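Report on the structure
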Amino acid sequence: MNHTFDYVIIGAGSAGCVLANRLTENGRHRVLLLEAGGEDRSPYIRIPAGFPLMDPQEFNWRYTAEPDPSRNGIVEHWGGGKVVGGSSSINGQVWTRGNRADYDEWASLGCDGWDYANVLPYFRRAERFGGGSAQFRGRRGPLHVSYPRFDHPITDAFIAAAQQAGLPFNEDYNGAVQEGVGYGQLSQRRGWRNSTARAYLAPARRRANLRVETRAVVSRILLDEGRAIGVEFRKQGQTRRVLARREVILAAGALASPKLLMLSGIGPADVLSEHGIKVRVESPGVGSNLQEHIYATMVYSVNIPTLNMDLTAKGFMRHGLDFVVRGRGAVTVAAAHSIAFGRLAADHGRPDYEIIFAPLGLSGSVPGTDAGEGVEYRHDVNEMTPMKISTCMALPSVSHPRARGRVTLHSDRAADKPRIEHRLLSEADDIDTLTAVCRTTRQIFECDALRPYIVGEFGGGLQAACPRRGRPAGCRRVRDADAHHRAHQCTYGNDRRACVRHHPGRR
């Protein structure tokens, strides 16, 4: 293998696949893409309904967090894609942009060029979507986006009930306005998962100037006087080094990226010194400011068949022909058949919450009622299984949580996973918001459009997060979950906490 490239990209995940495609387009630059996981050839990755059969040990990092004192010391698994395509190969395929106010806030904090008007052309360039307005949506991008390809009357009833509860209908929450209720949007192409591995990397791999190395575990970034000049990685039991003429690009995900920076001597001095790592660039913001959405789980039994009756061996056989011929049916099931965004007060400038709805219920998403100190709590989508009775499910969440955590190290060994510390329910404002959103969700289920279908409500996240009366003391139990939406451990900006400093005119 030639040991020098123009660009070395660490991580063939959602970002890395895009970067590999774009940087090899003109044919002038040689690019090496390093991926710690394997290829995405499993049919359980490609077929959306294959998630219960996907091997979590093979395709998911399943990082184990430290006990969460805000939830009785629960020990939770934080997922991450360990495969080409990263988490876009194992996630729920929900296609949702951030709110325009979020990007405008970034720009106001010093990130010039990151306001909504400037990022919108890149969103449009990325996607191929047949709905919405061409002013906001892309028509010819590589990543295909579609509405759910499985119709169910209880999804229609949820949308109608949300409107009865006061939310406006929104045909396109990725368009001019995010607020309202409508049908979900999914990263699918004719019913198949359309990950960045399929949309971006697959066509790029035909180019002679791109090399992809899988099962390549990066141990550190090589530095010369503070500048990244290459990468050290292990593959097939051997340690190898490669150099970059132009750039080393770190795209290893929200949890592995800060870990690699710290292993390379870039990060908070106290954390590096604790593990005997020489401080090469002191950057106290690396690994700090960990943010995560807080979800509750609300499951209802219903009196008509739902997807729970179809996600079986017999159901797959019955729907298989529809999937093969039309790309439709239960085999295309994804996480969100409907999504609602709303504000809890009229004067709030952006939505406070999101509610995801699906015409099925999953077990394995919440622990038992006796869960407590040190209980292992797995919230991996790969481990969830459809319930054996007709159910539907809503996942209310807090869009802008105040709780913060951090990512550090267990040791100086690259083989060890990062140390994750988060108090998901440590902020009273987050608990109050989640409680209010759960009550809003319950109001939707009590509206006329849904009432004829509802048999009863399971315990789940609602009773823990939203008792019918009084302050939600139960919120501090363990029935709430992170959403696998972690962010902000390598912050971009101008202040001291920023890991990536903003320079006008620099890519």
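As the structure is a prediction and not an experimental result, all values here were calculated from the model.

A word on the overall build of the protein
Each helix and strand counted, the protein has 12 helices and 29 strands in total. Here the protein holds 507 residues, and 55% of them are scored as buried. In the protein, 69% of the contacts between residues at least 6 apart in sequence involve partners at least 24 apart. Per element, the accessible surface of the protein, about 22,100 Å² overall, is 49% carbon and sulfur.

Digging into the environment of Asp104
Structurally, the position occupied by Asp104 is in helix 4 (residues 100–108). Distance in space between the C-alpha atoms of Asp104 and Tyr116 is 5.8 Å, their sequence separation being 12 residues. Residues in contact with Asp104, not counting those within four places in the same chain, are Asp115 and Tyr116.

Digging into a nonpolar patch on the surface
Side chains of Leu321, Val324 and Val325 sit close together on the surface and give an oily, nonpolar patch of about 320 Å² of accessible area. Here Val324 lies in helix 10 (residues 313–326).

Digging into the sheet that holds strand 13 (residues 238–250)
Pairing is mixed in the open sheet, where 6 strands are placed in the order 10-2-1-13-12-11. Only two strands of the sheet have a single neighbouring strand rather than two, namely strand 10 (210–213) and strand 11 (217–224). Taken over all neighbouring pairs, the strand axes of this sheet differ in orientation by 40° on average, direction set aside. Contacts from helix 8 (residues 256–263) reach strand 1 (4–10), strand 11 and strand 13, with the element oriented near 50° to strand 11.

Points about the pattern of salt bridges
On inspection of all chains with the given rule, the structure shows 26 salt bridges. Glu39 is the salt-bridge partner of Arg205, the closest N and O atoms lying 2.9 Å from each other. Pair noted here: Arg205 is in the loop between helix 7 (196–204) and strand 10 and Glu39 is in the loop between strand 2 (31–34) and helix 2 (43–46), with a separation of 166 residues, a long-range link. Take Arg205: its relative accessible area is 34%, and that puts it in the partly exposed class. Here Arg350 and Glu105 are joined by a salt bridge, their closest N and O atoms 3.1 Å apart. Of this pair, Arg350 sits in the loop between strand 18 (338–342) and strand 19 (353–358) while Glu105 sits in helix 4, and the two are 245 residues apart along the sequence.

Some points on helix 8
Burial analysis of helix 8 places 8 of its 8 residues in the buried class, which makes it a mostly covered element. Buried within helix 8 we find Ala256, Ser257, Pro258, Lys259, Leu260, Leu261, Met262 and Leu263.

Quick word on the nonpolar core
Ranked by size, the top nonpolar core spans 32 residues in total, and within it Phe158, Ile355, Phe445 and Leu450 carry the most contacts. Taken together, the elements giving at least two residues each to this core come down to helix 6 (153–164), strand 16 (294–296), strand 17 (298–302), strand 19, strand 23 (391–398) and helix 11 (428–445). Excluding its chain neighbours within four sequence positions, the residues that come into contact with Phe445 are Phe158, Tyr300, Phe357, Cys392, Ala394, Leu450, Arg451 and Ile454. Membership of the second largest hydrophobic core comes to 25 residues, among which are Val8, Leu32, Ile221 and Val271.

Some points on the environment of Gly182
Within the element layout of this structure, Gly182 appears in strand 7 (residues 180–183). A relative accessible area of 0% places Gly182 in the buried class. Sequence spacing of Gly182 and Leu167 is 15 residues, and the spatial spacing of their C-alpha atoms is 9.8 Å. Aside from chain neighbours lying at most four places away, what touches Gly182 is Ile159, Phe169, Asn170, His337, Ser338 and Ile339.

Some points on the packing of helix 1 (residues 14–23) against helix 7
Orientation of helix 1 relative to helix 7, taken along the N-to-C sense of each, is 30°, at an axis distance of 8 Å. Of the possible angle classes, the one that applies to helix 1 and helix 7 is roughly parallel. Crossing geometry of helix 1 relative to helix 7 is assigned as left-handed. Where helix 1 abuts helix 7, its residues Ser14, Cys17, Val18, Ala20, Asn21 and Arg22 lie against Thr196, Ala197, Tyr200, Leu201, Pro203 and Ala204. When grouped by side-chain class, the residues that make up the contact of helix 1 with helix 7 number 8 nonpolar, 3 polar and 1 charged.

Let's talk about the packing of helix 4 against helix 5 (residues 116–126)
Where helix 4 meets helix 5, the closest approach of the two axes is 9 Å, and the angle between their N-to-C directions is 125°. When the interaxial angle is binned, helix 4 and helix 5 end up oblique. Together, Arg100, Tyr103 and Asp104 of helix 4 and Tyr116, Val119 and Phe123 of helix 5 make up the contact between the two elements.

Topic: the environment of Val94
Along the chain, the position of Val94 falls in the loop between strand 4 (75–78) and helix 4. With relative accessibility at 29%, the residue Val94 sits in the partly exposed group. Residues Val94 and Ser187, 93 residues apart in the sequence, show an inter-C-alpha distance of 6.5 Å. Leave out the neighbours within four places in its chain, and Val94 touches Tyr173, Gln185, Leu186, Ala335, Ala336 and Ile339.

Conventions used here
- Residues numbered from 1 in each chain as written.
- Predicted model: local features only at pLDDT ≥ 70, side-chain atom pairs only at ≥ 80, totals over all residues.
- Heavy atoms only, no water.
- Helix = DSSP H or I, 4+ residues; strand = E, 2+ residues; numbered from the N terminus.
- Buried < 20%, exposed > 50% of the residue type's maximum accessible area, 1.4 Å probe, protein only.
- Contact = heavy atoms within 4.5 Å.
- Areas by Shrake-Rupley, 256 points an atom, 1.4 Å probe, with all protein chains shown as cover.
- Patch = residues over 30% accessible without salt bridge, like charges linked within 9 Å, V, L, I, M, F, W, Y side chains within 5 Å.
- Salt bridge = Lys/Arg side-chain N within 4 Å of Asp/Glu carboxyl O.
- Pairing = 2+ DSSP bridges.
- Axes fitted to C-alpha atoms, helices over the stretch in contact; angles between N-to-C directions.
- Core = buried A, V, L, I, M, F, W, Y, C linked by side-chain atoms within 4.5 Å.
- Parallel < 35°, antiparallel > 145°, perpendicular 65-115°, else oblique.
- Left-handed = near helix turned anticlockwise from the far one by under 90°.
- Nonpolar A, V, L, I, M, F, W, Y, C, P; charged D, E, K, R; others polar.

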